[in-house]
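If you want the building blocks of each chain, they are given just below.
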2 protein chains.
Amino acid sequence: MTYCVGILVRDGLVMIADTRTNAGLDNIATYRKLHVFERPGDRVVAIASSGNLAITQSVLSLVSEGLENPETGEIETLMEMPTLFRTAQFVGRAIREVYRIDGRALEQSANSFDVTMLVGGQIAGGRLRMFMVYRAGNFIEATEDTPYLQIGEHKYGKPILDRAATYDTTLQDALKLGLISMDSTMRSNLSVGLPIDTLMVRRDAIRSSLRHRIDSYDPYFRDLRDRWSRALRDAHLAIPEPPYGEV
Amino acid sequence: MTYCVGILVRDGLVMIADTRTNAGLDNIATYRKLHVFERPGDRVVAIASSGNLAITQSVLSLVSEGLENPETGEIETLMEMPTLFRTAQFVGRAIREVYRIDGRALEQSANSFDVTMLVGGQIAGGRLRMFMVYRAGNFIEATEDTPYLQIGEHKYGKPILDRAATYDTTLQDALKLGLISMDSTMRSNLSVGLPIDTLMVRRDAIRSSLRHRIDSYDPYFRDLRDRWSRALRDAHLAIPEPPYGEV
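Calculation rules
- Residues numbered from 1 in each chain as written.
- Chains lettered and ligands numbered in written order.
- Predicted model: local features only at pLDDT ≥ 70, side-chain atom pairs only at ≥ 80, totals over all residues.
- Heavy atoms only, no water.
- Helix = DSSP H or I, 4+ residues; strand = E, 2+ residues; numbered from the N terminus.
- Expected span 1.5 Å × (residues − 1).
- Buried < 20%, exposed > 50% of the residue type's maximum accessible area, 1.4 Å probe, protein only.
- Arc of directions from axis to C-beta.
- Polar contact = N/O pair within 3.5 Å; in protein donor to acceptor, adjacent residues only side chain to side chain.
- Pairing = 2+ DSSP bridges.
- Least-squares fit on C-alpha atoms with pLDDT ≥ 70 in both.
- Contact = heavy atoms within 4.5 Å.
- Salt bridge = Lys/Arg side-chain N within 4 Å of Asp/Glu carboxyl O.
- Nonpolar A, V, L, I, M, F, W, Y, C, P; charged D, E, K, R; others polar.
- Axes fitted to C-alpha atoms, helices over the stretch in contact; angles between N-to-C directions.
- Parallel < 35°, antiparallel > 145°, perpendicular 65-115°, else oblique.
- Core = buried A, V, L, I, M, F, W, Y, C linked by side-chain atoms within 4.5 Å.

In the annotation of an unreviewed UniProt entry, the entry for chain A reads Putative proteasome-type protease, and the organism field reads Pseudoxanthobacter soli DSM 19599.

See the structure below:
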């Protein structure tokens, strides 16, 4: 399983992804799911991926090595895309290309063609944006009303985002919220696990301001988990007892 | 959709169920999903149900009106079951009977045979127990290690239970935790909704000590929701900012 979340706020963008993959419960491994394509001043684009690892790796290879533009016949890479919208389209096209090559064989062996990606970042001259690209290659965009997007095991970590993540959340708070959301997911689903990759991009900086991997020894994340647990416990204890009269 | 949760603690049992049903997003209705069969001093048995409403209603009718015992040929009802284990078996048998009658036709019309039930309570001479009965009629039991069972839309409300619900939780706290869990679910899934039915059974009382319906005007539940929201907001704000140096 996988959990990745991106939060797009007024000040910038935070993206967080776990690294656990599993082929059955007895085959667990660690793979990076958050990939950053960066040339400071020109672009910073991050792709977070969930789904079948063979598919997501193929898509990343295609967008890095190049994919033929069906209209011009030229080979294009992600680093040449002029806008983030075109980047999301390009990732969608790469997914369709992998489907063309592998889709039927996967389905014949009773595997579904399962892939979803977050594509976020900013290219010089354009806006900071974030998209969620579906397996069909189509996509939606995060907006001021709903500033976050999740892929993979999204339910456990959604309540805190529903309550607290707004477009006016500060970038540091967005990172905290994302980590709390990740913590909730890891506690309830063993197939989402450490280390966690994080990325922070300030709006209009056109480069990442933070790329950090959090492992099980990370003192800040350990402290965050402890504090959050304690706060939840204290909060529920502080709520008065139900007044419904027992008979 | 549906969310029901039962928490079995040292002091007793709490069961909570929402009442929203939907056939598509444009057809919403209110139906009781928590049914209590009670004869004080003899037994208190509660059934919470999720899944296809036609199936769950049929199962409840069968266990109330009576179902033939295949070994003796006699018609039995839930109120005659000698133990809670036998009660869970009986509910499982009723599910299989409904499957026998309706299962194939449902599947032919592309509906799955979808039903899961919680069966909790105590019968004089026996222990307080709680079971989760699956669509196949088989079941598992809540234990001291994992004292809660959930059916329906279970993920949003699971983190708080994972963190705080233990066998040593007091009965009042278990009710609070169940309501917090229900609140988290209702916030993230519109198809789970008020009013909420609650039941509390003290161990060895052999009767319910609380049967209460919470509607949208319930001042305690409104206060609980406000306090919980505020506590979560305060908790995340109280966590220090991430120390990862920005570049």
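Following the structure, the description resumes.
## Section: helix α5 (residues 219-238) of chain A
All names here are of chain A. If you check α5, its first and last C-alpha atoms are 28 Å apart, about what 20 residues at 1.5 Å a residue would give, namely 28 Å. Within the sequence span of α5, burial applies to Tyr220, Phe221, Leu224, Arg225, Trp228, Ser229, Leu232, Ala235 and His236. Buried residues of α5 fall within an arc of 165° about the axis and therefore sit on the same side. In this structure, α5 carries Pro219 and Ala238 as exposed residues pointing more than 90 degrees from its buried face. Where α5 begins, one side-chain oxygen reaches toward the backbone nitrogen of tyrosine 220, 3.1 Å away; that side chain belongs to aspartate 218.

## Some thoughts on the pairing of strand β5 (residues 34-39) of chain B
Residues and elements named next belong to chain B. Here 6 bridges tie β5 to strand β6 (residues 43-51), and the two strands are oriented antiparallel to one another. The partner of arginine 39 across the bridge, within β6, is arginine 43. Counting the residues that bridge the hairpin from β5 to β6 gives 3 residues, and of these glycine 41 lies at a positive phi of roughly 90°.

## Some thoughts on the relation of the copies chain A and chain B
At an RMSD of 0.0 Å, chain A and chain B line up after a rotation of 180° and a shift of 0.0 Å along the axis. What the rotation and shift describe, once combined, is the action of a two-fold rotation axis. Minimal C-alpha distance to the rotation axis in chain A is attained by Tyr156(A), lying at 2.6 Å.

## Re the interface of chain A and chain B
At the junction of the two partners, chain A supplies 50 residues and chain B supplies 50 residues. Linking chain A to chain B there are 4 salt bridges. Scanning the region where chain A abuts chain B turns up 18 residue pairs in polar contact (both at pLDDT 80 or more). Mapped onto the side of chain A that touches chain B, the elements with two or more residues apiece are α3 (158-164), α4 (171-188), β13 (196-202), β14 (208-214) and α5 of chain A. Take the side of chain A that touches chain B: its biggest share by element is 13 residues, from α5(A). Residues that form the side of chain A that touches chain B fall into these classes: 24 nonpolar, 10 polar and 16 charged.

## Things to note about the sheet that holds strand β10 (residues 129-133) of chain B
Residues and elements named next belong to chain B. Taken in spatial order, the 5 strands of this open sheet run β5-β6-β9-β10-β11, and their pairing is antiparallel. With one partner strand each, in any of the chains shown, β5 and β11 (139-141) form the two edges of the open sheet. Strand-to-strand twist in this sheet, taken as the mean axis angle between neighbours without regard to direction, amounts to 20°. Both β6 and strand β9 (residues 115-123) contribute to a ladder of 9 bridges, which runs antiparallel.

## Quick notes on the sheet that holds strand β12 (residues 148-152) of chain B
Backbone hydrogen bonds hold the strands of a sheet together, and the pairing may be parallel or antiparallel. Residue and element names in this part refer to chain B. Pairing is antiparallel across the open sheet formed by 5 strands, whose spatial order is β12-β1-β2-β13-β14. Each edge of the sheet is formed by a strand with only one pairing partner; in this case those strands are β12 and β14 (208-214). Across the sheet, the axes of successive neighbouring strands diverge by a mean angle of 10°, strand direction being ignored.

## Brief notes about the environment of Ser181(A)
Residues and elements named next belong to chain A. Checked against the element boundaries, serine 181 lands in helix α4. The exposure class of serine 181 is buried, given its relative accessible area of 0%. Separated by 32 residues in the primary sequence, serine 181 and arginine 213 place their C-alpha atoms 16 Å from one another. The contacts of serine 181, once residues within four sequence positions are left out, are Tyr3, Gln150, Gly157, Ile160 and Leu161.

## Concerning the packing of helix α4 (residues 171-188) of chain B against helix α5 (residues 219-238) of chain B
All names here are of chain B. For the pair α4 and α5, interaxial distance at closest approach is 10 Å and the crossing angle is 75°. Overall, the two elements α4 and α5 adopt an arrangement that is roughly perpendicular. Residue-level inspection shows Lys176, Leu179, Ile180, Asp183, Ser184, Met186 and Arg187 of α4 in contact with α5, the latter providing Tyr220, Phe221, Leu224, Arg225, Trp228 and Ser229. By residue class, the composition of the contact of α4 with α5 is 7 nonpolar, 2 polar and 4 charged.

## Quick look at unusual backbone geometry
In this structure, Pro195(A) follows Leu194(A) across a cis peptide bond, with omega equal to -5°. Structurally, Pro195(A) can be placed in the loop between α4 and β13. Positive phi values are uncommon outside glycine, yet Asp204(B) reaches one of about 70°. Along the polypeptide, Asp204(B) turns up in the loop between β13 (196-202) and β14. Assessed through its relative accessible area of 56%, Asp204(B) is described here as exposed. One non-glycine residue, Ile206(B), lies in positive phi territory at about 55°. On the secondary structure map, Ile206(B) appears in the loop between β13 and β14.

## Points about the nonpolar core
Leu161(A) and Leu161(B) are the most contacted members of the largest nonpolar core, which totals 64 residues. Those residues in contact with Leu161(A) that sit more than four places away from it in its chain are Tyr3(A), Val5(A), Ile7(A), Tyr148(A), Gln150(A), Leu177(A) and Ser181(A). Judged by nonpolar contacts, the second largest core, of 26 residues, contains Ile47(B), Val115(B), Val119(B) and Phe131(B).

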